[in-house]
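Spelled out, the chains give:
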Amino acid sequence: MIGDAVGGANAPHRPSQGVLYGVGLGPGAPDLITLRAARLIEGAAVVAYPTLAGAESFARAIAAGLIAPEAEEIVMDVPMSVARAPAQAAYDDGAARIATVLNQGRDVVCLCEGDPFFYGSFMYLFARLSDRYRVEVVPGVTSVTACAARAGMPLAARNERLTVLPGPLPEDELRARIDGAESVVIMKVGRHLPKIRAVIDGLGLTDQAVYVERATLAEELVLPLSEAPVRAPYFSMILLTKGADPWL
């Protein structure tokens, strides 16, 4: 077994079973992988990771330099669909294959972009396996903190509240939540960018918003929202703060 590099075991497990590690990889730059995560990946005999609709795995690409050539790989292909059933079936299948390895007494290191418990795909495996196996979670640098750092934009200080919103929310709900917030992060922008821009512009807050695309990667863009491109990839985010700088 890899060893007890991470604390926080949740469920009783038989000594003969392996341990499942959910490892956060950060936002994309390989040198933002934590030392703990790197140690686990380098020592892994079995790694698991999701792909999206048959495309190359972003998670695997981040960790590629750490994965041993002889490591066994469990690939979970998640269909791109608004329906929940196909994705749920993919995670059911992935969990079953991981369970087979754990029952053999071998550990599995599951790769997760960002942080496993912050909009992370690993939480779906955790829900399926944590009542039967020991599961350890290694936190990663979140896309929120990475985007704030790249934009040079502190998000919260003292008693200020930070609101994190998903871009697919309905327009009316986005407007109400942004209007009632202090600092706002809008994730999963992608095809919802026109709607989000219209909401922010309608609230008179465009000049206080920053657009960040593919943070920490070579293709990174950091722009005022007013200068953002017409189309946005899935890995894009909008940061918005109101009023005077609270950290001064």
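Residues numbered from 1 in each chain as written. Predicted model: local features only at pLDDT ≥ 70, side-chain atom pairs only at ≥ 80, totals over all residues. Heavy atoms only, no water.

(A) Broad picture of the sheet that holds strand S4 (residues 108-112). With respect to topology, five strands assemble into an open sheet ordered S3-S2-S4-S1-S5, the strand pairing being parallel. One side of each edge strand has no neighbouring strand; the edge strands of this open sheet are strand S3 (72-78) and strand S5 (135-138). The mean inter-strand angle of the sheet, taken between neighbouring strand axes irrespective of direction, is 20°. Note: strand S2 (residues 46-52) against S4, two bridges, orientation parallel. (Pairing = 2+ DSSP bridges. Helix = DSSP H or I, 4+ residues; strand = E, 2+ residues; numbered from the N terminus. Axes fitted to C-alpha atoms, helices over the stretch in contact; angles between N-to-C directions.)

(B) Highlighting the environment of tyrosine 133. With respect to the secondary-structure elements, tyrosine 133 resides in the loop between helix H4 (122-129) and S5. The exposure class of tyrosine 133 is buried, given its relative accessible area of 3%. Residues tyrosine 133 and isoleucine 74, 59 residues apart in the sequence, show an inter-C-alpha distance of 18 Å. (Buried < 20%, exposed > 50% of the residue type's maximum accessible area, 1.4 Å probe, protein only.)

(C) Geometry of the packing of helix H3 (residues 84-103) against H4. Here H3 crosses H4 at 60°, and the two axes come no closer than 10 Å. By the angle class used here, H3 and H4 are oblique. Read as a crossing pair, H3 and H4 show a hand that is right-handed. Residues Gln88, Tyr91, Asp92, Gly94, Ala95, Ile98 and Ala99 of H3 pack against Tyr124, Leu125, Arg128 and Leu129 of H4. Its residues assigned to classes, the contact of H3 with H4 shows seven nonpolar, two polar and two charged. (Parallel < 35°, antiparallel > 145°, perpendicular 65-115°, else oblique. Left-handed = near helix turned anticlockwise from the far one by under 90°. Contact = heavy atoms within 4.5 Å. Nonpolar A, V, L, I, M, F, W, Y, C, P; charged D, E, K, R; others polar.)

(D) Geometry of the side chain of serine 57. Along the chain, the position of serine 57 falls in the loop between S2 and helix H2 (58-63). Assessed through its relative accessible area of 9%, serine 57 is described here as buried. Polar side-chain contacts of serine 57 include one of 3.0 Å to the backbone nitrogen of arginine 60. Residues within four places of serine 57 in sequence aside, it is in contact with Tyr49, Pro50 and Thr51. (Polar contact = N/O pair within 3.5 Å; in protein donor to acceptor, adjacent residues only side chain to side chain.)

(E) A look at unusual backbone geometry. Positive phi values are uncommon outside glycine, yet tyrosine 119 reaches one of about 55°. Looking at where tyrosine 119 falls in the secondary structure, it is placed in the loop between S4 and H4. On the basis of relative accessible area, tyrosine 119 is assigned to the partly exposed category, the value being 40%. We note that arginine 158 has phi near 55°; this positive angle belongs to a residue other than glycine. With respect to the helices and strands, arginine 158 occurs in the loop between helix H5 (143-151) and strand S6 (162-166). Owing to a relative accessible area of 71%, arginine 158 belongs among the exposed residues under this scheme.

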